[in-house]
Amino acid sequence: MSEAIIAKKAEQVERVAEKMKSAVSIVVVDSRGLTVEQDTVLRRSLRESGVEFRVVKNSILTRAAEKAGLDDLKDIFVGPSAVAFSNEDVIAPAKIINDFAKDAEALEIKGGTIEGAVSTKEEIQALAKLPNREGMLSMLLSVLQAPVRNVAYAVKAVAESKDDAA
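In this report, the structure presented in the accompanying data block is examined. (Residues numbered from 1 in each chain as written. Predicted model: local features only at pLDDT ≥ 70, side-chain atom pairs only at ≥ 80, totals over all residues. Heavy atoms only, no water.)

For the rest of this paragraph, the subject is the overall build of the protein. In terms of helices and strands, the protein carries six helices and five strands. The N-to-C order of helical and strand elements in the protein reads α-β-α-β-α-β-α-β-β-α-α. Its C-alpha atoms give the protein principal-axis dimensions of roughly 95 × 30 × 25 Å. Within the span of the protein, comprising 166 residues, buried residues form 33% of the whole. On the protein, roughly 10,300 Å² of surface is accessible, and the fraction owed to carbon and sulfur atoms is 54%. Computed over 23 positive and 26 negative side-chain charges, the separation of the two mean positions in the protein equals 4 Å. (Helix = DSSP H or I, 4+ residues; strand = E, 2+ residues; numbered from the N terminus. Buried < 20%, exposed > 50% of the residue type's maximum accessible area, 1.4 Å probe, protein only. Areas by Shrake-Rupley, 256 points an atom, 1.4 Å probe, with all protein chains shown as cover. Lys, Arg positive; Asp, Glu negative; His and termini not counted. Charge placed at Lys NZ, Arg CZ, Asp CG, Glu CD.)

Written out as structure tokens, the structure is:
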């Protein structure tokens, strides 16, 4: 191989390793068998959620995983691999890919990482069942509002009972 090709591959490894280090979650899939239309829809859905989706050679992924300190991730780089990187939302790539895989049987989740920890296919699917960030914030807000709402109802009930007595 020429030195230019080796340098280009080393640069790719470095770029992918940086993405792996900075990602809060990574989902690795086998997307063989998807139609062009299905692939386009999947990529659009991921892009809208701020997730980067790329098909990368296994040799580059393996070297990048070593550089990023994710040696256990190398075991899932068998066969064609596409990788979804999310730097913001931990749940988004898992949820989008898992939901999409229900309709597109050709899409298979291999595994990934959740906040730097290597995760199995089953762990990624379990993560996908959690509500997204907005859903969790909504639940938290509801829990925080409940005591205030109950006090307001109690004050209202006391005021109404005094009005009825008068």
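With a phi close to 50 degrees, E115 is a non-glycine residue in the positive phi region. Note on placement: E115 falls in the loop between β4 (108-114) and β5 (117-119). On the basis of relative accessible area, E115 is assigned to the exposed category, the value being 60%.

This paragraph deals with the nonpolar core. Counting residues in hydrophobic clusters, the biggest one holds 23 residues, and the most contacted among them are V27, V29, L42, L46, F53, I97 and L107. When residues of this core are assigned to their parent elements, the largest contribution, six residues, is made by helix α4 (residues 92-103). If near-sequence neighbours (up to four positions away) are discounted, L42 is found in contact with L34, F53, I96, I97, F100 and L107. Within the second largest apolar cluster, 19 residues are counted, among which are L61, A64, A68 and F85. (Core = buried A, V, L, I, M, F, W, Y, C linked by side-chain atoms within 4.5 Å. Contact = heavy atoms within 4.5 Å.)

Another aspect to go through is the pattern of salt bridges. For the structure shown, the criterion picks out nine salt bridges. The salt bridge partner of R54 is E52, with a shortest N-O separation of 3.7 Å. The class for R54 is partly exposed, based on a relative accessible area of 33%. On the basis of relative accessibility, which here comes to 29%, the residue E52 falls in the partly exposed class. Here K74 ties to E66 by a salt bridge, and the two come within 3.1 Å at their closest N and O atoms. Assessed through its relative accessible area of 25%, K74 is described here as partly exposed. A network of salt bridges, in which partner residues are shared, links K19, E52 and R54. (Salt bridge = Lys/Arg side-chain N within 4 Å of Asp/Glu carboxyl O.)

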